Amino acid sequence: MKWYPYGHDFGNAEIGGVTVINGKTVSLSIPTAFAKVDTIALRNLGVNVEQSNVHVMQLEDEEAAYAIGDLALQQSIDAYHGRGDIQRYASRFSLRSLLTVAATLIPDDEFGIYVVTGLPAETYIKNAALRLAIKEALDGTYTFTLNDEKTPRRVTIEVATVVMEGAGALIAYNDRSSNKMTESAVIDIGGRTTDLYVARGQVPVVEYCKGKPVGVEMATQMMMDSFENKYDRPLSLLEAREIMHAYAAQSQGELAHYPEIASYGQTIGNYELEKLVKEAVAQVGSEIVSFVASAWRQSDRDAVAASFKPVLNIGGGVFYFYNFLKKRIPHLSRPDDPVHANCIGYCTLAGRLLIRKVQSGSTSNNGSATSIRIF
């Protein structure tokens, strides 16, 4: 059986996965949304479960199949996302998401993944028991079907370690030649939270590692509330997501179009939609900047993160809030792939640990000696 290093990020808004196949790093993100579905009914409705953006999986020991990601948002008005439940990291939903993304990236019918994943800074510090719970929830060998494949998949998961979110980005992007006394920093803005991580060398500086429940989803909800107040009808989560993504793409100079949104037969113009998003993003952006400034203020002259190098901005929130933070932290930078920054680092660490495991002649999950191929 072939083993792959794997970085797993069970985010509030996005599920991310990164692995290495034949020396090439591959990644995938899908919305954090789950809904029980009837696969026969889906086919009767004309849903092609073989499309690249469709993910339907069913574990062998479960009667229900789950749509995950975009299809869950399309088929359910009350899709599960686990927001506010810290135990979701050690849940069956995290397992389903891990297996789905890994099996989408890796074509093998049977394989193993050596997993590194992360927890928000404050959760990691205050809830050590959750790290063990994650390993207990995810470790094992699982048989399941993905998108009505005729041949079931068989995947073995072993969690190598759980790290603090932000550490992954520094593993992937920090300059290893920098002074070991230099403090490196990460601002990770996700769907529901903004997490701050600072490390001296490879050791977290707890004083600067903080989190706040503010992120892209707060701006999304503000925009949805404003839309409903103005046009007297609510936006669906799918509509709101498409509006926010169009705004983010345009802010990066990409060619993107707002979805066609109607209220009582009248189409809402792009200008009006953009105005609602801008107002919400500006309000949340100012709150994020204030949080970072208060957490990392280093002098009465309002020096923020002045001694940190680098200061990385990662997560999906980069596309909305980077420019606000850049005005306060001039040396702030962003990687080419901010969405998968943590996952890339997790996967890098998983690869190192997997090689070390093989070289040490470790045993497999069931304790029997094993000869494995990696990557």
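Residues numbered from 1 in each chain as written. Predicted model: local features only at pLDDT ≥ 70, side-chain atom pairs only at ≥ 80, totals over all residues. Heavy atoms only, no water.

Novice: For this particular structure, what's the right way to read the overall build of the protein chain?
Specialist: Along the protein chain, the regular secondary structure elements total eleven helices and 18 strands. Reported as C-alpha extents along the three principal axes, the dimensions of the protein chain are approximately 60 × 60 × 35 Å. Across the 375 residues that make up the protein chain, the buried fraction comes to 51%. Across the protein chain, the fraction of contacts at a sequence separation of at least 24, relative to all contacts at a separation of at least 6, is 67%. (Helix = DSSP H or I, 4+ residues; strand = E, 2+ residues; numbered from the N terminus. Buried < 20%, exposed > 50% of the residue type's maximum accessible area, 1.4 Å probe, protein only. Contact = heavy atoms within 4.5 Å.)

Novice: What should I look at first to understand the pattern of salt bridges in this one?
Specialist: Evaluated as defined, the whole model comprises twelve salt bridges. Arg153 is the partner of Glu149 in a salt bridge, and the nearest nitrogen-oxygen pair spans 3.1 Å. Look at Glu149 and you get partly exposed, because its relative accessible area is 28%. Arg200 serves as the salt-bridge partner of Glu183, at 2.4 Å between the closest nitrogen and oxygen. Of this pair, Glu183 sits in strand 10 (residues 183–189) while Arg200 is found in strand 11 (residues 194–200), placing the two residues 17 residues apart along the sequence. Judged by its relative accessible area of 12%, Glu183 is buried. Bridged by salt links that share partners, the residues Asp61, Glu62, Arg92 and Arg96 form one connected network. (Salt bridge = Lys/Arg side-chain N within 4 Å of Asp/Glu carboxyl O.)

Novice: Quick question: what am I supposed to make of empty space enclosed by the protein here?
Specialist: Once rolled over the atoms, a probe with the size of a water molecule shows which space is left empty. All told, the structure shown has one cavity of 30 Å³ or more when counted by the stated rule. Taken as a whole, the largest cavity holds about 30 Å³ of empty space. For the largest cavity, the full set of lining residues is His8, Phe10, Tyr89, Ser94, Thr117, Ile134 and Leu138. Taken together, the elements giving at least two residues each to the lining of the largest cavity come down to strand 1 (2–10) and helix 5 (128–138). Partitioned by chemical class, the residues of the lining of the largest cavity number four nonpolar, three polar and no charged. (1 Å grid on protein atoms, 1.4 Å probe; cavity = no way out; pocket = protein on both sides within 12 Å on 5 of 7 lines; lining within 4 Å. Points joined across faces, edges and corners; volume = space filled by probe spheres on them. Nonpolar A, V, L, I, M, F, W, Y, C, P; charged D, E, K, R; others polar.)

Novice: Explain unusual backbone geometry to me, please; I cannot follow it from the model alone.
Specialist: Glycine aside, a negative phi is what most residues show, and trans is what most peptide bonds show. Each neighbour pair has its own omega, and for Lys309 with Pro310 the value is -5°, a cis peptide bond. Residue position: Pro310 is located in strand 16 (residues 308–314). Look at Asp232: it is not a glycine, yet its phi comes out positive at around 60°. When you line up the elements, Asp232 lands in the loop between helix 7 (216–231) and helix 8 (237–251).

Novice: How should I be thinking about the pairing of strand 3 (residues 24–31) in this particular structure?
Specialist: Across a regular strand the side chains alternate sides, sitting on one face of the sheet and then on the other. One ladder, built from eight bridges, connects strand 2 (residues 14–21) with strand 3; its direction is antiparallel. What sits directly across from Val18, in strand 3, is Ser27. Count of turn residues in the strand 2/strand 3 antiparallel hairpin: two residues, of which Asn22 carries a positive phi of about 50°. (Pairing = 2+ DSSP bridges.)

Novice: Please explain the confidence of the model for the protein chain as it appears in this structure.
Specialist: Detailed reading of predicted coordinates is not advised where the pLDDT is low. For the protein chain, per-residue confidence averages 90 on the pLDDT scale, and residues scoring 70 or more make up 93% of the total. This stretch, residues 365–371, has a pLDDT under 50; its non-local contacts, to residues over four places away or in other chains, come to nine contacts. (pLDDT = per-residue confidence, 0-100.)

Novice: Just to check I follow, could you spell out the environment of Lys135 for this structure?
Specialist: Assignment of secondary structure puts Lys135 in helix 5. With 46 residues separating them in the primary sequence, Lys135 and Tyr89 have C-alpha atoms 9.9 Å apart. When sequence neighbours within four positions are dropped, the list of residues in contact with Lys135 reads Glu158 and Val159.

Novice: How do you make sense of the packing of aromatic side chains when you look at a structure like this?
Specialist: This model, assessed by the stated rule, comprises eleven aromatic pairs. A centroid spacing of 6.0 Å and a plane angle of 45° characterise the contact between Tyr320 and Phe321, whose relative ring orientation is tilted. Taking relative accessible area as the criterion, Tyr320 reaches 8% and is therefore assigned buried. Take Phe321: its relative accessible area is 1%, and that puts it in the buried class. Following the ring pairs from residue to residue traces out a cluster consisting of Phe10, Phe34, Tyr66, Tyr80 and Phe93. (Phe/Tyr/Trp six-rings, centres within 6.5 Å; stacked < 30°, edge-to-face > 60°.)

Novice: Looking at this model, I keep getting lost on the nonpolar core. Mind explaining?
Specialist: Generally speaking, a soluble globular protein has its nonpolar side chains buried in company with each other. Within the largest apolar cluster, 63 residues are counted, with the highest numbers of intra-cluster contacts made by Tyr6, Leu99, Ile113, Ile134, Phe144, Ile157 and Tyr197. Once residues lying within four places of it in the same chain are set aside, the contact partners of Ile134 are Tyr89, Ala90, Thr117, Leu119 and Val162. (Core = buried A, V, L, I, M, F, W, Y, C linked by side-chain atoms within 4.5 Å.)

Novice: Before we go on, may I ask you to explain the side chain of Asn313 in this structure?
Specialist: Note on placement: Asn313 falls in strand 16. On the basis of relative accessibility, which here comes to 0%, the residue Asn313 falls in the buried class. Within the local environment of Asn313, its side chain forms a polar contact with the backbone oxygen of Ile187, the two atoms lying 3.0 Å apart. When neighbours within four sequence positions are excluded, Asn313 is seen to be in contact with Ile187, Ile189, Val318, Tyr322, Leu325, Leu332, Ser333, Arg334, Pro335 and Pro338. (Polar contact = N/O pair within 3.5 Å; in protein donor to acceptor, adjacent residues only side chain to side chain.)

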